Amino acid sequence: MNSTTLRWSRSSGWSSDLKAVPAGVSLVLYFGATDVLAASPSPIADLLQAFPDAVCAGCSSAGEIRDHFVEDDGLSVALVAFTSTSVKAAVVSCTDAGQSAQVGRELAARLQADGLRHVLVLSDGLHVNGSQLTEGLRAALPAGVTVSGGLAGDGARFSRTMVGLGPTIAEGQVVLVGFYGESLRVSHGSAGGWQPFGPKRLITAARGNVLQRLDDQPALALYKRYLGDLAEGLPATGLLFPLQLLPDREGTDGVVRTILAVNEADQSLTFAGDMPVGHYARLMKAGCDALVDGADHAALLACEGERGESLAILVSCVGRKLVMKQRVEEEVEAVLERLGGGVRSIGFYSYGEICPSGLAHGCDFHNQTMTLTVISESVG
């Protein structure tokens, strides 16, 4: 396996000559600003022309990761040439969050083939319910197939997100990339670093990923009371104070959920994943050091013995980027230092992360985590 990372910027174009890249590229992964992906002509056309036989997939971001750098308003690309692993991709449109589970099942069915080992998910970040998407994937994929990836971002604007496969880059799409072959090695890790505070409140009314009432109070009004002056910046400022979702009042460990939209008319909050009635929700907060520690722990979980050249795919939540600001590269540096030499990295800041988390089947939906997938091939 051989991988190369590139950068495209508006001011200087490509960081390297695409013709100088070694032959045999079978996978092109890209992450970029929404406006860059929507542009005509787009730099993606250069990639399709240079690597016509490769699977070319990517999505919009809230910041692009390339090796040790976090950058904005451009395009970060990984070019991967496998020795014996094959890749295949499929795309389905999803413009209604209620279709999310069915989309997951349909895409999984399209990738079913002997030798499937891992699936990378790149999903629209505003029209898809991440919880239901992963539920559909878990139901349809064979046992032992792991899944990772994330929901596309759009900075802190929450206006539109885009996902692409081949020449088609559009809103409301979900792409799966399947990896096949006995030599493929995949490890993964996901961790946060956020700390809960305040009372646990019962979810008394919700519909899927739309939270309507907490402790029989309008969810948005209650949330605004906690935010104070920051409430004027919703939904973006909500990324600084996500909610921890707990199955019962005594619970201490639970998934984290991020706000995607607010509805002043009915005083509801829309999240990236389900908010089930009967569960409890609690506010969370974090500082830079805690988030960097969380990223380091995610990398520790992904460490798996000796390996050759590897590609680490990092998906971190936009909320972490907003908290860390100028220090955001510290979490990427912590990951790469933990993984050690011989690892290239590519990734993006997202509206949700997908990664196994100790469940019986191979994926779960997260928010506000650093999630990474390390891909390599066995030697010999």
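Before reading on, note that the structure itself is shown above.
Residues numbered from 1 in each chain as written. Predicted model: local features only at pLDDT ≥ 70, side-chain atom pairs only at ≥ 80, totals over all residues. Heavy atoms only, no water.

*Asks:* Please explain the overall build of the protein chain as it appears in this structure.
*Replies:* Scanning the protein chain from N- to C-terminus turns up eight helices and 28 strands. The globule rule puts the C-alpha radius of gyration for 380 residues at 21 Å, and the 20 Å found for the protein chain is close to it. On the principal axes, the C-alpha backbone points of the protein chain span a range of 60 × 45 × 35 Å. Taken across its 380 residues, the protein chain has 58% of its residues classed as buried. A fraction of 80% describes how many contacts in the protein chain between residues 6 or more apart in sequence connect residues 24 or more apart. Surface summary for the protein chain: the accessible area is close to 14,400 Å², and the carbon and sulfur share equals 49%. Of the side chains in the protein chain, 29 bear a positive and 41 a negative charge, and the two mean positions are spaced by 3 Å. (Helix = DSSP H or I, 4+ residues; strand = E, 2+ residues; numbered from the N terminus. Rg over C-alpha atoms; globule rule 2.2 N^0.38 Å. Buried < 20%, exposed > 50% of the residue type's maximum accessible area, 1.4 Å probe, protein only. Contact = heavy atoms within 4.5 Å. Areas by Shrake-Rupley, 256 points an atom, 1.4 Å probe, with all protein chains shown as cover. Lys, Arg positive; Asp, Glu negative; His and termini not counted. Charge placed at Lys NZ, Arg CZ, Asp CG, Glu CD.)

*Asks:* Any chance you could explain the pattern of salt bridges here in plain terms?
*Replies:* Close approach of charged atoms allows side chains of opposite charge to pair. Counted according to the given criterion, the structure contains 16 salt bridges. Close ionic contact of Arg7 with Glu64 constitutes a salt bridge, the shortest N to O distance being 3.0 Å. Of this pair, Arg7 sits in strand β1 (residues 2-9) while Glu64 sits in strand β5 (residues 64-66), and the two are 57 residues apart along the sequence. By the burial criterion, Arg7 is buried, and Glu64 matches it. (Salt bridge = Lys/Arg side-chain N within 4 Å of Asp/Glu carboxyl O.)

*Asks:* Before we go on, may I ask you to explain the sheet that holds strand β6 (residues 69-71) in this structure?
*Replies:* Sheets are built from strands that pair by backbone hydrogen bonding, the pairs being arranged parallel or antiparallel. Read across the sheet, six strands follow the order β6-β5-β25-β24-β28-β14 without closing on themselves; strand pairing throughout is mixed. Strands at the two margins of the open sheet, each flanked by one partner only, are β6 and β14 (184-191). Between one strand axis and the next, the sheet turns by 15° as a mean value, whatever way the strands run. Relative to strand β28 (residues 370-377), strand β24 (residues 310-317) runs antiparallel, the two sharing six bridges. Across the sheet, Ala312 pairs through a bridge with Val374, a residue of β28. In the packing of helix α6 (residues 288-302) onto the sheet, the strands contacted are β14 and β28, and the crossing angle to β14 comes to about 150°. (Pairing = 2+ DSSP bridges. Axes fitted to C-alpha atoms, helices over the stretch in contact; angles between N-to-C directions.)

*Asks:* Please explain the nonpolar core as it appears in this structure.
*Replies:* A general tendency of soluble globular proteins is for nonpolar side chains to be buried together. Within the largest apolar cluster, 60 residues are counted, with the highest numbers of intra-cluster contacts made by Val119, Val121, Leu137 and Leu372. For this core, the element with the highest residue contribution is α6, accounting for seven residues. Membership of the second largest hydrophobic core comes to 26 residues, among which are Cys59, Ala78, Leu165 and Leu184. (Core = buried A, V, L, I, M, F, W, Y, C linked by side-chain atoms within 4.5 Å.)

*Asks:* What is the right way to look at the sheet that holds strand β9 (residues 116-123) in this model?
*Replies:* With mixed pairing, six strands are arranged side by side in an open sheet as β8-β13-β9-β10-β26-β27. Strands at the two margins of the open sheet, each flanked by one partner only, are β8 (86-93) and β27 (364-366). Strand-to-strand twist of the sheet, defined as the mean angle between neighbouring strand axes without regard to direction, takes the value 15°. Bridge count between strand β26 (residues 352-355) and β27: three bridges; the pairing is antiparallel. If you follow Ile354 over to β27, its bridge partner there is Phe365. Most of the contacts of helix α3 (residues 100-111) go to β8, to which it runs at about 150°, and overall it touches β8, β9 and β13 (173-180).

From the geometry alone we can't say anything about function, so treat these as descriptive.
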